[in-house]
Amino acid sequence: MLDFYNFRDTNPEKVYPRAADGTVRKYDDLPGKYHGNVDVSDPPFERHLGDTPAMTAQEEADIIAFLKTLTDGYQVER
């Protein structure tokens, strides 16, 4: 999930599908009328195509490792 926000604007082809003509269908998960609501001006979402992602691979791995420590011991019954 972090990849989505890290690459959404710098490398959209990593998280969005392509149309039949080969163009990236950016924000295809939202109805068109909401595309203007996507935050593209506040850090870390102000990145542009080809920019370096906001987080390094190590920062992303650190966040994921931290999130995996957040548990209350709940186990799904099988």
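Residues numbered from 1 in each chain as written. Predicted model: local features only at pLDDT ≥ 70, side-chain atom pairs only at ≥ 80, totals over all residues. Heavy atoms only, no water.

### Description of the overall build of the protein chain
Stated formally: The numbering of helices and of strands both runs from the N terminus, where a helix is a DSSP run of H or I of at least 4 residues and a strand a run of E of at least 2. Every radius of gyration here is taken over C-alpha atoms, with the globule rule written as 2.2 Å times N^0.38, N being the number of residues. Only protein chains enter the area calculation, which uses a 1.4 Å probe; residues under 20% of their type maximum are buried, those over 50% are exposed, and those in between are partly exposed. Any two residues whose heavy atoms approach within 4.5 Å at even a single point are treated as in contact. For every accessible area listed, the method is Shrake-Rupley and the probe measures 1.4 Å; residues are considered covered only by the protein chains on display.
For the protein chain, the count of helices and strands is two helices and zero strands. Scaling as 2.2 N^0.38, a compact globule of 78 residues should have a C-alpha radius of gyration of about 12 Å, whereas the protein chain reaches 16 Å, well beyond that. By principal-axis analysis of the C-alpha atoms, the protein chain measures approximately 45 × 30 × 25 Å. Scored against the burial criterion, the 78 residues of the protein chain give a buried share of 14%. Here the analysis covers contacts within the protein chain between residues at least 6 apart in sequence; of these, 45% occur between residues at least 24 apart. Accessible area of the protein chain: about 6200 Å², with a carbon and sulfur share of 55%.

### Examining the packing of aromatic side chains
Stated precisely, the cut-off is as follows: Stacked, edge-to-face and tilted labels apply to pairs of Phe, Tyr and Trp rings (six-membered ring for Trp) whose centres lie within 6.5 Å, assigned for plane angles under 30 degrees, over 60, and everything in between, in that order.
Overall, the coordinates contain one aromatic pair when judged by the stated rule. Centre to centre, the rings of Y16 and Y27 are 5.9 Å apart; their planes meet at 85°, and the pair counts as edge-to-face. You can see Y16 sitting in the loop between helix 1 (2–7) and helix 2 (57–69) and its partner Y27 sitting in the loop between helix 1 and helix 2, a full eleven residues away along the chain. Owing to a relative accessible area of 12%, Y27 belongs among the buried residues under this scheme.

### What to know about the pattern of salt bridges
Which entries qualify depends on this criterion: Salt bridge, as used here, is a side-chain nitrogen of Lys or Arg placed within 4 Å of a carboxyl oxygen of Asp or Glu.
Under the defined criterion, the tally for this structure stands at four salt bridges. Between D9 and R8 there is a salt bridge, with the nearest N and O atoms lying 2.9 Å from each other. Like R8, D9 is buried. One salt bridge connects R25 with D28, and the closest N-O pair in it is separated by 3.6 Å. The partly exposed category is assigned to R25, whose relative accessible area is 38%. Judged by relative accessible area, D28 falls into the partly exposed class, the value being 34%. Among the charged side chains, a salt-bridge network with shared partners connects R8, D9 and K26.

### Thoughts on a nonpolar patch on the surface
Using the following cut-off: Residues enter a patch when their relative accessible area is above 30% and they make no salt bridge; the linking distance is 9 Å between like charges and 5 Å between nonpolar side chains (Val, Leu, Ile, Met, Phe, Trp, Tyr).
Judged by side-chain polarity, I63, F66, L67 and L70 come together as a nonpolar surface patch covering roughly 380 Å² of accessible area. You can see F66 is positioned in helix 2.

### Concerning the environment of Y16
Here Y16 falls in the buried class, since its relative accessible area comes to 6%. Note: C-alpha distance between Y16 and K26 (ten residues apart in sequence) is 5.8 Å.

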